[in-house]
Amino acid sequence: MNLLVLAAEEPQNPLIPPLPELVIGLIAFVIVFGFLAKKLLPNINKVLDERREAIEGGIEKAEAAQTEAQSVLEQYKAQLAEARHEAARLRQEALEQGTALKEELRAEGQRQREEIIAAGHAQIEADRKAASQALRQDVGKLATDLAGKLVGESLEDHARQSRTIDRFLDELEAKAEAAR
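This structure is a prediction, so every number in the text was calculated from the model and none was measured.

1. A closer look at the packing of aromatic side chains
Reasoning step 1: Scanning the model with the defined rule gives one aromatic pair in all.
Reasoning step 2: With a centroid separation of 6.0 Å and an interplanar angle of 20°, the aromatic rings of Phe29 and Phe33 are classed as stacked. Of this pair, Phe29 and Phe33 both sit in helix α2 (residues 19-151), four residues apart, which is roughly one turn of that helix. Neither Phe29 nor Phe33 differs from the other in exposure class; each is exposed.

2. Structural notes on a negative patch on the surface
Reasoning step 1: A contiguous patch of negative charge on the surface is contributed by Glu50, Glu53, Glu56, Glu60 and Glu63.
Reasoning step 2: Classification of Glu53 as exposed rests on a relative accessible area of 52%.

3. Focus: the UniProt feature "transmembrane region" (unreviewed entry) in the protein chain
Reasoning step 1: UniProt's feature table lists "transmembrane region" (unreviewed entry) at residues 22-41, given in the numbering used throughout.
Reasoning step 2: With 100% helix and 0% strand, the stretch residues 22-41 has end C-alpha atoms that lie 26 Å from each other.

What counts as what
Residues numbered from 1 in each chain as written. Predicted model: local features only at pLDDT ≥ 70, side-chain atom pairs only at ≥ 80, totals over all residues. Heavy atoms only, no water. Phe/Tyr/Trp six-rings, centres within 6.5 Å; stacked < 30°, edge-to-face > 60°. Helix = DSSP H or I, 4+ residues; strand = E, 2+ residues; numbered from the N terminus. Buried < 20%, exposed > 50% of the residue type's maximum accessible area, 1.4 Å probe, protein only. Patch = residues over 30% accessible without salt bridge, like charges linked within 9 Å, V, L, I, M, F, W, Y side chains within 5 Å. Areas by Shrake-Rupley, 256 points an atom, 1.4 Å probe, with all protein chains shown as cover. Salt bridge = Lys/Arg side-chain N within 4 Å of Asp/Glu carboxyl O. Lys, Arg positive; Asp, Glu negative; His and termini not counted. Charge placed at Lys NZ, Arg CZ, Asp CG, Glu CD. UniProt positions renumbered as here; feature names shortened; annotations may be inferred.

Laid out in structure tokens, this is it:
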């Protein structure tokens, strides 16, 4: 008892709890810590493991998706390059076909122009010959009539008339050519 009395008489330090309270607090802490270690800590570890696996699985899925996206992107780039190449080839073919068609149309136009010019020349030549023939006949008739009036007799003999007219016109043509 002496000790108890001595302990009661001494002033107590507020930072140091009394020994019985310290023992009871320590026993309660061990009980609570044991309960938490047995029941709560496995659940916490299980949730943390699941979360870690989900994160790692998500990272793996993201890497797989990124790899797949990269391969799809490469395929699209290859298809786009092929499509551009095909478009350039088609454009070049269309340009070549257009040039060839233009040349064909130009040649056809030139040929038609030449045909029209040749037909025009042939028509002019035919008209010139017809006009020359008509003019010969008219000039011959006039010359025969004039010669008949000068001679005083009719020159109606057709054979003689034709020879006289032809000779007269041939002389005129010869003089015209000589004058050129």
